[in-house]
Amino acid sequence: KTLHTSLALDSDFETWINAENQRSIEELSLRGHPKSSAITITQEALPKLTSFRSVHLDGQFNAAFLCGRPVDSVALTLFPLSRLTELDSLTVTSAPIKRLTALCLEDECSDVLIGEIAARLPSLESLHVVLLSVTFSDVRARSFHGTILV
C-alpha cells in the first residue's frame, strides 16, 4: 500500500512501477533524482494512488505520476523559475486535491504563491508551505571566538 523510495528514476524503475503487481500502491513518496528526461507511467498503473510526495522532481515528472489518478494529498518542491509548472502538474489528477505541502526554494514566490495555488486548487482544505530563503550580505570580516575570518 505504501512505497517510500530514494531510488533513481530510470527505465528499471519505470518498468517496475508500471507492473501489474504494483497496482495496490496508495501512498507514494519519491526522493530519487531522475536519470532520464521523462518517465512514462501507463494509465493502468497506480489506480489507487491517493497520496503523492516528491522531493527532487519537477512538474513534468510529478504530472506523470498524478495524471488521471485519485490523488487528494500532495507534497512537492517548488523550484525557482519553474514553480508555476510544478503547480500546474497538480491539476491533472482525477480527484480534487484537498491537502498540499509545498517546499518553496525561493523567497520571491511568497508574494504570489497563495493566489497561484488557489487558482489551481479550488477544493484545497489544508495548506502547508515552507519557504527556504537565504539572504546574502557582503560580509568582509566576521569574528568567531576571537578569530577574524576573512
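Residues numbered from 1 in each chain as written. Predicted model: local features only at pLDDT ≥ 70, side-chain atom pairs only at ≥ 80, totals over all residues. Heavy atoms only, no water.

Peer 1: Sorry, what's going on with unusual backbone geometry here?
Peer 2: Backbone geometry follows two general trends: most residues other than glycine have a negative phi, and most peptide bonds adopt the trans configuration. One non-glycine residue, L46, lies in the positive phi region at around 55 degrees. Among the secondary structure elements, L46 is positioned in the loop between strand 2 (27-30) and strand 3 (51-54). What makes L46 buried here is its relative accessible area of 0%. (Helix = DSSP H or I, 4+ residues; strand = E, 2+ residues; numbered from the N terminus. Buried < 20%, exposed > 50% of the residue type's maximum accessible area, 1.4 Å probe, protein only.)

Peer 1: Quick question: what am I supposed to make of helix 2 (residues 59-66) here?
Peer 2: Within an α-helix, residues lying three or four positions from one another point in the same direction, as the helix has 3.6 residues per turn. Extensive coverage of helix 2 is indicated by the burial of six of its eight residues. Where helix 2 is concerned, the buried positions are G59, F61, N62, A64, F65 and L66. Close packing links the buried residues of helix 2 with helix 1 (11-18), strand 2, strand 3, strand 4 (73-78) and helix 3 (83-88). At the N-terminal end of helix 2, a side-chain oxygen is found 3.2 Å from the backbone nitrogen of Q60, two or three residues along, and the residue is D58. Once helix 2 ends, the next one or two residues include G68, with phi positive near 75 degrees. (Contact = heavy atoms within 4.5 Å. Polar contact = N/O pair within 3.5 Å; in protein donor to acceptor, adjacent residues only side chain to side chain.)

Peer 1: Which parts of the structure should I look at to understand the packing of aromatic side chains?
Peer 2: What characterises a pair of aromatic rings is the spacing of the ring centres plus the angle enclosed by the ring planes. Under the definition given, this model contains three aromatic pairs. Ring centres of F13 and W16 lie 6.2 Å apart, and the angle between their planes is 35 degrees; this geometry places the pair in the tilted category. Of this pair, F13 and W16 both sit in helix 1, three residues apart, which is roughly one turn of that helix. Take F13: its relative accessible area is 4%, and that puts it in the buried class. (Phe/Tyr/Trp six-rings, centres within 6.5 Å; stacked < 30°, edge-to-face > 60°.)

Peer 1: Help me understand the side chain of T5, please; the structure alone is not making it clear to me.
Peer 2: Within the secondary structure layout, T5 lies in strand 1 (residues 2-5). Polar side-chain contacts of T5 include one of 3.0 Å to the backbone nitrogen of L7. Not counting chain neighbours up to four residues away, the residues in contact with T5 comprise F13, S29, L30, R31 and G32.

Peer 1: Is there a simple way to think about the nonpolar core in this case?
Peer 2: Looking at soluble globular proteins, one finds that nonpolar side chains tend to be buried together. Ranked by internal contacts, the top residues of the largest apolar core, which has 31 residues, are L28, L46, F52, F65, V74 and L90. Listed by contribution, the elements that provide at least two residues to this core are helix 1, strand 2, helix 2, strand 4, strand 5 (99-104) and helix 4 (113-120). Looking at which element gives the most residues to this core, the answer is helix 2, with four residues. Apart from residues lying up to four places away in sequence, L90 is in contact with L66, V74, L76, I97, L100 and L121. (Core = buried A, V, L, I, M, F, W, Y, C linked by side-chain atoms within 4.5 Å.)

Peer 1: Explanation requested: the pairing of strand 3 in the structure shown.
Peer 2: One face of the sheet, then the other: side chains in a regular strand alternate in exactly this way. Residues F52 and S54 of strand 3 are buried on one face, while the alternating residues S51 and R53, pointing to the opposite face, are not. The sheet contact formed by strand 2 and strand 3 spans four bridges and is parallel. If you follow L28 over to strand 3, its bridge partner there is F52. (Pairing = 2+ DSSP bridges.)

Peer 1: Help me out: how do you make sense of the side chain of S54 in this one?
Peer 2: In this structure, S54 sits in strand 3. Reaching out from S54, the side chain makes a polar contact with the side chain of N62 at a distance of 2.7 Å.

Peer 1: I tried to follow the sheet that holds strand 3 on my own but got confused; where do I start?
Peer 2: Whenever strands of a sheet pair, they do so through backbone hydrogen bonds, lying parallel or antiparallel. Spatial strand order, 1-2-3-4-5-6: six strands in an open sheet with parallel pairing. Each edge of the open sheet carries a strand with a single partner, namely strand 1 and strand 6 (126-131). If you compare each strand with its neighbour and ignore which way they point, the axes differ by 10 degrees on average. Bridge count between strand 3 and strand 4: three bridges; the pairing is parallel. Paired with S51 across the bridge in strand 4 is S73. Packed onto the sheet, helix 2 meets strand 2, strand 3 and strand 4 and runs at close to 160 degrees relative to strand 3. (Axes fitted to C-alpha atoms, helices over the stretch in contact; angles between N-to-C directions.)

What is shown is where atoms sit, not what they do.
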